[in-house]
Amino acid sequence: MRKIYRLFKERFSFLFYLVEYKRAANAVRKTSSDPDAVYQKIFEEFIQSCENKPCLQIGVKDNRGKKYGPNWVSVDKYDMREFIDYHYDIHDMPFEDNSFDAVVCISILEHVPYPLKAIQELKRVLKPGGKIWVQLPWLCPYHEVPKDYWRASPDGLRVWMEDFKEIVCGTYMWRKTYLSTASYFYGEK
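Anyway, here's the lowdown on the structure attached to this text. (Residues numbered from 1 in each chain as written. Predicted model: local features only at pLDDT ≥ 70, side-chain atom pairs only at ≥ 80, totals over all residues. Heavy atoms only, no water.)

A few words on the nonpolar core. By size, the foremost hydrophobic cluster in this structure holds 27 residues, and its most contacted members are Leu56, Ile58, Ile90 and Leu109. The residues contacting isoleucine 90, other than those within four sequence positions of it, are Ile58, Cys105, Ile108, Leu109, Val112, Ala118, Glu121 and Leu122. Within the second largest apolar cluster, 17 residues are counted, among which are Phe43, Trp133, Val168 and Tyr186. (Core = buried A, V, L, I, M, F, W, Y, C linked by side-chain atoms within 4.5 Å. Buried < 20%, exposed > 50% of the residue type's maximum accessible area, 1.4 Å probe, protein only. Contact = heavy atoms within 4.5 Å.)

The tally for this structure, following the rule as stated, stands at 13 salt bridges. With its nearest N and O atoms 2.6 Å apart, the salt bridge here joins aspartate 79 to arginine 81. With relative accessibility at 14%, the residue aspartate 79 sits in the buried group. Of the charged contacts in the structure, one is a salt bridge between arginine 124 and glutamate 121, with a shortest N-O distance of 2.7 Å. Taken together, the residues arginine 124 and glutamate 121, both in helix 4 (residues 115-125) and 3 residues apart, mark about one turn of the helix. (Salt bridge = Lys/Arg side-chain N within 4 Å of Asp/Glu carboxyl O. Helix = DSSP H or I, 4+ residues; strand = E, 2+ residues; numbered from the N terminus.)

Generally, phi is negative for residues other than glycine and the peptide bonds are trans, each holding for most cases. Unlike most non-glycine residues, asparagine 98 shows phi in positive territory, near 55 degrees. Note that asparagine 98 resides in the loop between strand 2 (72-75) and strand 3 (100-106).

Below, the discussion takes up the environment of alanine 152. By the element assignment, alanine 152 lies in the loop between strand 4 (126-139) and helix 5 (154-160). When the C-alpha positions of alanine 152 and tryptophan 138 are compared, they lie 5.2 Å apart, and in sequence the two are 14 residues distant. Not counting residues up to four positions away in its chain, the partners in contact with alanine 152 are Leu136, Pro137, Trp138, Leu157, Trp160 and Ser183.

Here we come to the pairing of strand 4. Side-chain positions along a regular strand alternate between the two faces of the sheet. Across 6 bridges, strand 3 lies against strand 4 in parallel orientation. Looking across to strand 4, one finds that phenylalanine 100 is bridged to leucine 126. Considered for its hand, the β-α-β crossover made up of strand 3, helix 4 and strand 4 is right-handed. For strand 4 and strand 6 (residues 181-188), the ladder comprises 8 bridges, and the chain directions are antiparallel. From the neighbouring strand, tryptophan 133 faces strand 6, where its bridge partner is tyrosine 186. (Pairing = 2+ DSSP bridges. Right-handed = clockwise from strand over helix to strand, strands pointing away.)

Rendered as C-alpha cells:
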C-alpha cells in the first residue's frame, strides 16, 4: 500500500495534493455543525451591538462596498474609494489611545508585513472592554494586493490575539469552496 501511495504522490502530485488539501479542509469544517451559519449570526450580532458607538473598520470588502454604518471610521492605506476616511498604515495610526468601542479588520492582516505590530496598534486604539473582530485567510490561494504574507489557522490566530479575551474563534468558508476558508477571532480588550 505504501508503494502505491508513494507512486501516486510522485506521478500525480497535483491530484495527490488536491486530495490531501480536501481532507484537511474537511477536518476544519467539522469544528462546528454549521460554522458558516454560526459565523454569520455572531458577526451580525457584533455589528448590531456597535450602533451609535465610535467604531473602526480596517478595510472595506468589495462585496460590501460600504462602511458598516455612519458611526464607523474606515481606514485603508490603498483603497481610494470616496467612503474611505483615512489612508493610514495599520502599523501606525494617528488616533488617540482608547478611541473606539469596536474594531473590525477583515482580510487585511495577510497583507501587512508585521501583523503582530498591527494587532498591537488595534489594541492601542480600542477602549478597555471594547470588542475586536479579526479575520484573514487560512486555506486560500495566493493573492497579491499589494503583497500576500500570511495565513493563520484558528490556533495561530489565537496566538496573535493572546492579549484579548476570546469570545469565539473559528473558521468560515466565504466562497463555499475548500479553497477559500478564513480564520476569525472575536474578542474583548
